[in-house]
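This is what each chain is made of:
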Amino acid sequence: MIRVTVDSIRVSLLTQHRVVVLREAESRRYLPIWIGAFEADAIALAMQGHEPQRPMTHDLLKSVFSELGATISHIVINDIQDSTFFARIVVEQGSHTIEIDSRPSDAIALAVRADAPIYVETHVFEAAGVLFDEEETTAADEQPMSAARPSASMAETDEPDADTSADEGLSLFRDFINTLDIDDDEKNKGKKQ
């Protein structure tokens, strides 16, 4: 498994779809996952340290685990099938380890609240990871209104005969990533009026 952190939540300027971008701890490799607007807000609020007046769903789930004497050990994005990601929440309760099936967005929202590590299975990164080139990232950082482009190809898999329908789906995913506004929040703060 590969340890990742939540790099950012992005919004497509064209479609208003949200994507959570996970970054491999020791490299420039990213894993973008489409998520719903409510889940994006839940992750963003937790990352910014905002405490809601009343518990949101993910806060409630964290409280339930706590009241039952369980701790969230980690979450893992464990599979991708037909461009759909799958995740598991790994919970420790006494001497028992419990794995709970989850959508990645919910698992990430819970992990951010519980300060639990986030992992991605190697084959998921190989299938859907995006490598940002240093030159492209630097150019994007210098031009606040331009979007950084992922390299032309996704991380290669060990299998020479990759499924063409998966490639087409990932191609659409790459196109979506290219429409994202990935300016840093710091750069945008100075421009707001």
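Novice: What am I meant to see in helix 3 (residues 104-114) here?
Specialist: The α-helix winds at 3.6 residues per turn, so residues separated by three or four positions along the chain end up facing the same way. Judged by how many residues are buried, helix 3 sits mostly within the fold: 8 of 11 residues are covered. Within helix 3, the full set of buried residues consists of P104, S105, A107, I108, A109, L110, A111 and R113. Positive phi appears at D115, one or two residues downstream of helix 3, with a value of about 55 degrees.

Novice: Explanation requested: the packing of helix 1 (residues 37-47) against helix 3 in the structure shown.
Specialist: A pair of packed helices is captured by two measures, namely the crossing angle of their axes and the spacing between those axes. It is the contact of helix 1 with helix 3, at a shortest axis distance of 9 Å, that shows an interaxial angle of 15 degrees. Judged by the inter-axis angle, helix 1 sits roughly parallel to helix 3. Along this stretch, helix 1 crosses helix 3, giving a crossing that reads as left-handed. Within the contact between the two elements, helix 1 uses E39, A42, I43, A46 and M47 and helix 3 uses S105, D106, I108, A109, V112 and R113. Looking at the contact of helix 1 with helix 3 residue by residue, the class counts come to 7 nonpolar, 1 polar and 3 charged.

Novice: Is there a simple way to explain the nonpolar core in this structure?
Specialist: Most often, soluble globular proteins keep nonpolar side chains buried together rather than apart. Core analysis: the largest hydrophobic core is formed by 32 residues, its most contacted members being L22, L31, I77 and I108. Excluding residues that lie within four positions of it along the chain, I77 makes contacts with L22, I33, F85, F86, A87, P104, I108, Y119, V120, E121 and V124. In this structure, V19, V21, V130 and F132 belong to the second largest nonpolar core, which totals 5 residues.

Novice: Honestly, the side chain of S102 in this entry has me stumped. Any pointers?
Specialist: As for its position among the elements, S102 is in strand 6 (residues 96-102). For S102, a relative accessible area of 14% puts it in the buried group. A polar side-chain atom of S102 sits 3.4 Å from the main-chain amide nitrogen of A107. The residues touching S102, leaving out its near neighbours within four places in the chain, are F86, A87, I89 and A107.

Novice: Whenever I open this one, the pattern of salt bridges confuses me. Can you help?
Specialist: Pairing between side chains of opposite charge can happen when the charged atoms of each approach one another. The tally for this structure, following the rule as stated, stands at 5 salt bridges. Between R103 and E39 there is a salt bridge, with its nearest N and O atoms 2.6 Å apart. Residue R103 is found in the loop between strand 6 and helix 3, and its partner E39 is found in helix 1; the two are separated by 64 residues along the sequence. Note that R103 and D106 form a salt bridge whose closest N and O atoms lie 2.9 Å from each other. Each of E39, R103 and D106 takes part in one network of salt bridges that share partners.

Novice: What should I look at first to understand the packing of aromatic side chains in this one?
Specialist: Geometrically, a pair of aromatic rings is defined through the distance of the ring centres and the angle of the planes. Enumeration according to the criterion identifies 0 aromatic pairs in this entry. When the ring centre of F125 is taken as origin, the NZ or CZ atom of R29, which lies over that ring, is 4.3 Å away.

Novice: What should I look at first to understand the side chain of E39 in this one?
Specialist: Owing to a relative accessible area of 13%, E39 belongs among the buried residues under this scheme. Leave out the neighbours within four places in its chain, and E39 touches R103, S105 and D106.

Analysis parameters
Residues numbered from 1 in each chain as written. Predicted model: local features only at pLDDT ≥ 70, side-chain atom pairs only at ≥ 80, totals over all residues. Heavy atoms only, no water. Buried < 20%, exposed > 50% of the residue type's maximum accessible area, 1.4 Å probe, protein only. Helix = DSSP H or I, 4+ residues; strand = E, 2+ residues; numbered from the N terminus. Axes fitted to C-alpha atoms, helices over the stretch in contact; angles between N-to-C directions. Parallel < 35°, antiparallel > 145°, perpendicular 65-115°, else oblique. Left-handed = near helix turned anticlockwise from the far one by under 90°. Contact = heavy atoms within 4.5 Å. Nonpolar A, V, L, I, M, F, W, Y, C, P; charged D, E, K, R; others polar. Core = buried A, V, L, I, M, F, W, Y, C linked by side-chain atoms within 4.5 Å. Polar contact = N/O pair within 3.5 Å; in protein donor to acceptor, adjacent residues only side chain to side chain. Salt bridge = Lys/Arg side-chain N within 4 Å of Asp/Glu carboxyl O. Phe/Tyr/Trp six-rings, centres within 6.5 Å; stacked < 30°, edge-to-face > 60°. Lys NZ or Arg CZ within 6 Å of the ring centre and 35° of its normal.

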